[in-house]
Amino acid sequence: MKSIKIGPHSLKNRAVLAPMSGVSDLPFRRLAARFGAGMVVSEMVASESFVKGDAETQMRAEAQDGGLHVVQLAGREARWMGEAAKVIAGLGADIIDINMGCPAKKVTSGYSGSALMRDLDHALTLIEATVEAVDVPVTLKMRLGWDDTSINAPELARRAEAAGVQLITVHGRTRCQFYKGTADWNAIAAVKSEISVPLIANGDCTGIESADAMLAASGADAVMIGRGAYGRPWLPGLVGHYLETGEILSAPQGNALGELVVEHYEAILGLYGVLPGVRIARKHLGWYLDTSIEQGGLDMPAGLKKTMMTSNQPDEVVRIAADWFSSCNTRTAA
C-alpha cells in the first residue's frame, strides 16, 4: 500500500495518535509510538507562552524518542506562531502542526483553536507565517466549521494547501458540537475533493471496525484516534497494523498489561514530579480500568479501587496496579 508522505517523511501506517491536551503527553506518546502508531502528535503548545519561556509549555514540545517528532502549535498572532515554529524546528521537530480545531472555551475565547475558522483571512495569516518561518513540513488540524451554518473546512483546506500546508486533518464535528453527537465522516469527504495533499479523518474512531468505516465514508488517507486511545495507548498501533496487513493483533493482557500500566504510572511521576504526577496519573489508571472491563475483565473491588485512585503513596499504587492488571485477561484486541 502506498505510504503517506508529509514532505520528506513517510508515515509508518495509516493510524495516528491525536494531539490531546492533558493526555498525549510525553509518557503517553512514547507508549503509542512503541506500539507502532503511524505518527504521534504532541499536546497543543501555546506559541506565545512557548517563546516567552514558560517551562510547562516547553515541556509539551519535547520529543518522545520514537517516530516522527510532531509538535502542534496554537495561537492567534502570526508573530508568535512564526517565532515558536522557528524555535521548535531548530530544536529538532520534524513537523509543525497548526491547531485550528480545539473547541475548548478557554482556547476559543482567546481567538485560537477552532475560533480561527470564523475568520479564514486571519487564519491564513497564521498559516503563512508558520510555513514561511520553517523548512520542515507544516500540517493543519481543523473542524468542519464553527457551527452548522458555517461549514467551511473545504475552503480552509484548499487555501491552506495553497499556502504550503502539506497535510490536513479534519475532525468531523463543528466547534459548537464539541464532542456531542456523532462525527460526520461523510462531511469530511468534501474536504478530500478540494485538496491534493493527504487527508486524515478524526472523530469517533475507536477500533478496527470504525477505522474501516471512517476511511470508506470520508475518503481520507488515514485515521486519527483520540478519545478511543484513553486507557489504550496501543490502539493506534494495532489499528495501523491492521490497515496495512489485515492482521488483528492482541492487546496487552496479563503480566504485559500490568507492566505497561506500572511503566506508564512511573513515567508520569518521573516527568511531573511525585505529588503532581500521582494526581495526573489517576485519570489514566481509571481509563485502564474502564478498558479492562470493556474487554472482558472484572471490575476492581470498590475498596481497592478507592485506595488506588486516592493514595498519595506511589509504592502502594504500583503494588495494587501491578497485582490487579497482571491478573486481567482481556478477550479482544481492538
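Because the structure is predicted, anything quoted here is derived from the model rather than measured.

The full count for this structure, using the stated rule, is 13 salt bridges. With a closest N to O distance of 3.2 Å, K305 and D299 form a salt bridge. Using a relative accessible area of 27% as the deciding quantity, one classes K305 as partly exposed. Here the salt bridges do not stand alone but share partners, grouping D121, E155 and R159 into one network.

This part takes up the sheet that holds strand β9 (residues 199-202). The parallel closed barrel is built from 8 strands, whose spatial order is β3-β4-β5-β6-β7-β8-β9-β10. Strand-to-strand twist across the sheet, computed as the mean angle between neighbouring axes with direction ignored, equals 30°. As paired strands, strand β3 (residues 15-17) and strand β10 (residues 222-225) are joined by 3 bridges and run parallel to one another. Bridged to L17 within β10 is I225. Sheet strands touched by helix α6 (residues 120-133): β6 (95-100) and β7 (138-143). Its angle to β6, the strand with the most contacts, is close to 170°.

Taken as a whole, the largest pocket holds about 970 Å³ of empty space. In this structure, the largest pocket is lined by 45 residues; those nearest its centre are S21, M44, N99, C102 and V107. Of all the elements in the fold, those that place two or more residues in the lining of the largest pocket are β4 (39-46), α2 (47-51), α3 (55-60), β5 (70-74), α5 (105-108), β7 and β10.

Let us look at the packing of aromatic side chains. Overall, the coordinates contain 3 aromatic pairs when judged by the stated rule. Seen in terms of ring centroids, Y230 and W287 are 3.9 Å apart; in terms of plane orientation they differ by 20°. Their pairing is stacked. One end of the pair, Y230, is in the loop between β10 and α10 (235-245); the other, W287, is in helix α12 (residues 274-294), and 57 residues separate them in sequence. Its relative accessible area of 26% is what places Y230 among the partly exposed residues. A centroid spacing of 6.3 Å and a plane angle of 70° characterise the contact between Y288 and F325, whose relative ring orientation is edge-to-face.

At F178, a residue that is not glycine, the phi angle is positive and equals roughly 50°. With respect to the helices, strands and loops of the structure, F178 is situated in the loop between β8 (168-171) and α8 (185-192). Look at D204: it is not a glycine, yet its phi comes out positive at around 70°. Topologically, D204 is positioned in the loop between β9 and α9 (208-218).

Closest axis-to-axis distance for the helix α13 (residues 302-310)/helix α14 (residues 314-326) pair is 8 Å, and the angle between their directions is 135°. In terms of axis orientation, α13 runs oblique to α14. For the crossing formed where α13 meets α14, the hand is left-handed. Where α13 approaches α14, its residues L304, T307 and M308 are matched on the opposing element by E316, V317, I320, A321, W324 and F325. Classifying every residue of the contact of α13 with α14 by side-chain character gives 7 nonpolar, 1 polar and 1 charged.

A word on the environment of S42. Within the secondary structure, S42 sits in strand β4. Along the sequence, S42 and D119 sit 77 residues apart, while their C-alpha atoms lie 25 Å from each other. With residues up to four places along the chain from it excluded, the contact list for S42 reads P19, S24, R29, R60, V70, V71 and Q72.

This part takes up the pairing of β5. By the criterion of burial, β5 is predominantly enclosed, with 5 of the 5 residues buried. In the sheet, β4 pairs with β5 via 4 bridges, with the strands oriented parallel. Paired with M44 across the strands is Q72, a residue of β5. Relative to β6, β5 runs parallel, the two being bridged by 4 bridges. Note that in β6 the partner of L73 across the bridge is I98. In terms of handedness, the path from β5 via helix α4 (residues 78-90) over to β6 forms a crossover that is right-handed.

Criteria and cut-off values
Residues numbered from 1 in each chain as written. Predicted model: local features only at pLDDT ≥ 70, side-chain atom pairs only at ≥ 80, totals over all residues. Heavy atoms only, no water. Salt bridge = Lys/Arg side-chain N within 4 Å of Asp/Glu carboxyl O. Buried < 20%, exposed > 50% of the residue type's maximum accessible area, 1.4 Å probe, protein only. Pairing = 2+ DSSP bridges. Helix = DSSP H or I, 4+ residues; strand = E, 2+ residues; numbered from the N terminus. Axes fitted to C-alpha atoms, helices over the stretch in contact; angles between N-to-C directions. Contact = heavy atoms within 4.5 Å. 1 Å grid on protein atoms, 1.4 Å probe; cavity = no way out; pocket = protein on both sides within 12 Å on 5 of 7 lines; lining within 4 Å. Points joined across faces, edges and corners; volume = space filled by probe spheres on them. Phe/Tyr/Trp six-rings, centres within 6.5 Å; stacked < 30°, edge-to-face > 60°. Parallel < 35°, antiparallel > 145°, perpendicular 65-115°, else oblique. Left-handed = near helix turned anticlockwise from the far one by under 90°. Nonpolar A, V, L, I, M, F, W, Y, C, P; charged D, E, K, R; others polar. Right-handed = clockwise from strand over helix to strand, strands pointing away.

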